[in-house]
Structure formats: C-alpha cells, structure tokens
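# Understanding the architecture of this molecule
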Amino acid sequence: NQRDAARGLKLHVKRVFIMDDAEQFLPLYLRFIKGVLDSSDLPLNVSRELLQKDPEVEAMKSALTKRALDLVARLAKDEPEKYASFWREFGAVVKEGVAEDYASREKLLPLLRFASTHEPADEDKVSLADYVARMQPGQQKIYYVVAESRAAARSSPFIEQLRARKVEVLLLGDRVDPWIMGQLHEFEGKSFQDAVRGDLDLTGLPASESAGTDATAPD
C-alpha cells in the first residue's frame, strides 16, 4: 500500500515490450492494479519522459481508470464476500481517490465501506447507500466520527446523543480518514457531519432513548 512502491502496468506498443511499471496510465490510488497494456497509438521509441508529455496518455489514463473502477464496482455488487476481502486489503488506498480524483468521485463513493454503530463488530461493512436507507425520519445528515481506531470512535462521548436517538454513526479509524472525510460534502443529497466538530444540530431527529445497544435501525 506504500505510495512510493513500484506500480503501474507492463507497457507494450504494437505487441513489443517497452517497459515495466508504467505508472502514467493509472492514478496513484489504483496502484494495486496490475496488468499489461498494449497500445497501437504510441511510438515504439516512447520513453517515460515522453509518456509524461503525450496527450494521448491522459486520454488512455481516463479510460483505464473508468474501466478499473467499473471492475471493482462489479466485484462489490456480484461478489460481496470477495469485495470485503478486497476492502480489508486495499480500502485505505481506494479512499485516497476520493481526495485525489474528483472526476471519479461519483464512482468511488458507492465503493466505500465503513464500520458503524449499526454493526456490533468494528469491521468496514456499511456502504453509504446502506446508511442512507436506514436514516431516521427527519434525519438530513450522514454522521461520522474519526478517532485513533474504530473501537475508540465507537466509545466516543460525542456520539452518545446520536446513539440515544438511534441515529447511525459511521466509525472511522484509518490514518487517511481525517483527510478523506474533509473532502466529502454530500452523498445522494445528504451532507456529511463530523459529530465532533461544530454544532450538533439534533433538530428533527427522534426523541432521545437509551443507547444501550449498537443497533440503530429497527428490523
């Protein structure tokens, strides 16, 4: 997952091998993608320096990024158990794309997974679509809390009022999370709200109840 590790595709031009680790064709956050790219549009004498200047490369990068994200989305939809394993390995890397690749953000947001107060375990299982589907009547925001770990986020005193109202809270504990969440504004028309920062406006939310369990939504 290191950002400075070798990455990229094996580049061929007209079936002639040109170089390993051609990183110009995918954004940094997709550094886990490996494969072979065979282009008929680049010259055989292409170099890494020329790749950085060739406008054709940028168009190829855009197309390959879209294809890669479509493949990941298909895995998430069709094979959720395999996607869960994928997310455990590369989730923190995928999150970087939210901040670094604005053009792909709408494709990236549905791929994100979070721990939450709806689940008893501190595992990233909850999608933003899951969260929105469980929102309480009158709830207009997606609440989250960032801490040193997901367990620490779960025990944060700042979310007690929300849990008392059976409002689900996303629990974040990766090093990249403060940076990533600072880039998010809304999902499906619902704005994000850090439960620790700013005024926690509870207007319109259900009346407070005992927060004795982790479950935040009725069956």
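Not measured: the values here are computed from a predicted model.

Turning our attention to the overall build of the protein. What the protein contains, in helices and strands, is eight helices and eight strands. Expressed along its principal axes, the backbone C-alpha trace of the protein runs to roughly 70 × 30 × 30 Å. Taken over 219 residues, the protein has a buried fraction of 44%. Here the protein contributes 31 positive and 37 negative side-chain charges, whose respective centroids are spaced 2 Å apart.

This part takes up helix H3 (residues 80–100). For H3, with 21 residues, the first-to-last C-alpha span of 26 Å runs short of the 30 Å given by 1.5 Å per residue. Where H3 bends most, at Phe90, the angle is about 70°. Within H3, the full set of buried residues consists of Tyr83, Phe86, Trp87, Gly91, Val93, Val94, Lys95, Glu96, Gly97 and Val98. Where H3 is buried, its residues contact helix H2 (55–78), helix H4 (105–108), helix H6 (150–154) and helix H8 (177–181).

Summed over all chains, the structure comprises one cavity of 30 Å³ or more. Roughly 40 Å³ of internal volume is contained in the largest cavity. Along the walls of the largest cavity sit Arg7, Gly8, Ala22, Glu23, Leu26, Pro27, Leu30, Arg31 and Ile33, which together make up its complete lining. A class-by-class count of the residues in the lining of the largest cavity yields five nonpolar, one polar and three charged.

Okay, the nonpolar core next. By size, the foremost hydrophobic cluster in this structure holds 59 residues, and its most contacted members are Leu11, Phe25, Leu162 and Leu170. Looking at this core, the elements with two or more residues in it are strand S1 (9–13), strand S2 (16–22), H2, H3, helix H5 (128–133), strand S5 (141–146), strand S6 (170–172) and H8. The residues touching Leu11, leaving out its near neighbours within four places in the chain, are Val16, Phe17, Ile18, Met19, Ala22, Phe25, Leu37, Leu42, Val46 and Leu51.

In the structure shown here, the tally under the stated rule is five aromatic pairs. A centroid spacing of 5.4 Å and a plane angle of 75° characterise the contact between Phe32 and Phe86, whose relative ring orientation is edge-to-face. Taken together, the residues span a long stretch of sequence, with Phe32 in the loop between S2 and strand S3 (36–39) and Phe86 in helix H3 at a distance of 54 residues. In this pair, the class of Phe32 matches that of Phe86, namely buried. Seen from their ring centres, Tyr83 and Trp87 are 6.3 Å apart, and the 35° between their planes marks the pair as tilted. Within this pair, Tyr83 and its partner Trp87 are both found in helix H3, separated by four residues, close to a single helical turn. Here the two residues Tyr83 and Trp87 agree in accessibility, since each one is buried. In textbook terms, an aromatic cluster arises when at least three aromatic residues are bridged by ring pairs, as seen for Phe32, Tyr83, Phe86, Trp87 and Phe90.

Another aspect to go through is the pairing of S2. Pairing of S1 with S2, which is carried by four bridges, proceeds in the antiparallel orientation. Looking at the pairing, Leu9 lines up with Ala22 of S2.

As enumerated under the stated definition, the model contains 15 salt bridges in all. Its salt-bridge partner being Glu123, residue Lys125 comes within 3.9 Å of it at the nearest N-O pair. You can call Glu123 partly exposed: its relative accessible area is 40%. Two residues, Asp124 and Arg150, come together in a salt bridge whose shortest N-O distance is 2.9 Å. You can see Asp124 sitting in the loop between strand S4 (115–116) and H5 and its partner Arg150 sitting in helix H6, a full 26 residues away along the chain. No difference in accessibility class separates Asp124 from Arg150, as the two residues are buried.

Calculation criteria
- Residues numbered from 1 in each chain as written.
- Predicted model: local features only at pLDDT ≥ 70, side-chain atom pairs only at ≥ 80, totals over all residues.
- Heavy atoms only, no water.
- Helix = DSSP H or I, 4+ residues; strand = E, 2+ residues; numbered from the N terminus.
- Buried < 20%, exposed > 50% of the residue type's maximum accessible area, 1.4 Å probe, protein only.
- Lys, Arg positive; Asp, Glu negative; His and termini not counted.
- Charge placed at Lys NZ, Arg CZ, Asp CG, Glu CD.
- Expected span 1.5 Å × (residues − 1).
- Bend = angle between axes of the 7 residues up to and from the residue.
- Contact = heavy atoms within 4.5 Å.
- 1 Å grid on protein atoms, 1.4 Å probe; cavity = no way out; pocket = protein on both sides within 12 Å on 5 of 7 lines; lining within 4 Å.
- Points joined across faces, edges and corners; volume = space filled by probe spheres on them.
- Nonpolar A, V, L, I, M, F, W, Y, C, P; charged D, E, K, R; others polar.
- Core = buried A, V, L, I, M, F, W, Y, C linked by side-chain atoms within 4.5 Å.
- Phe/Tyr/Trp six-rings, centres within 6.5 Å; stacked < 30°, edge-to-face > 60°.
- Pairing = 2+ DSSP bridges.
- Salt bridge = Lys/Arg side-chain N within 4 Å of Asp/Glu carboxyl O.

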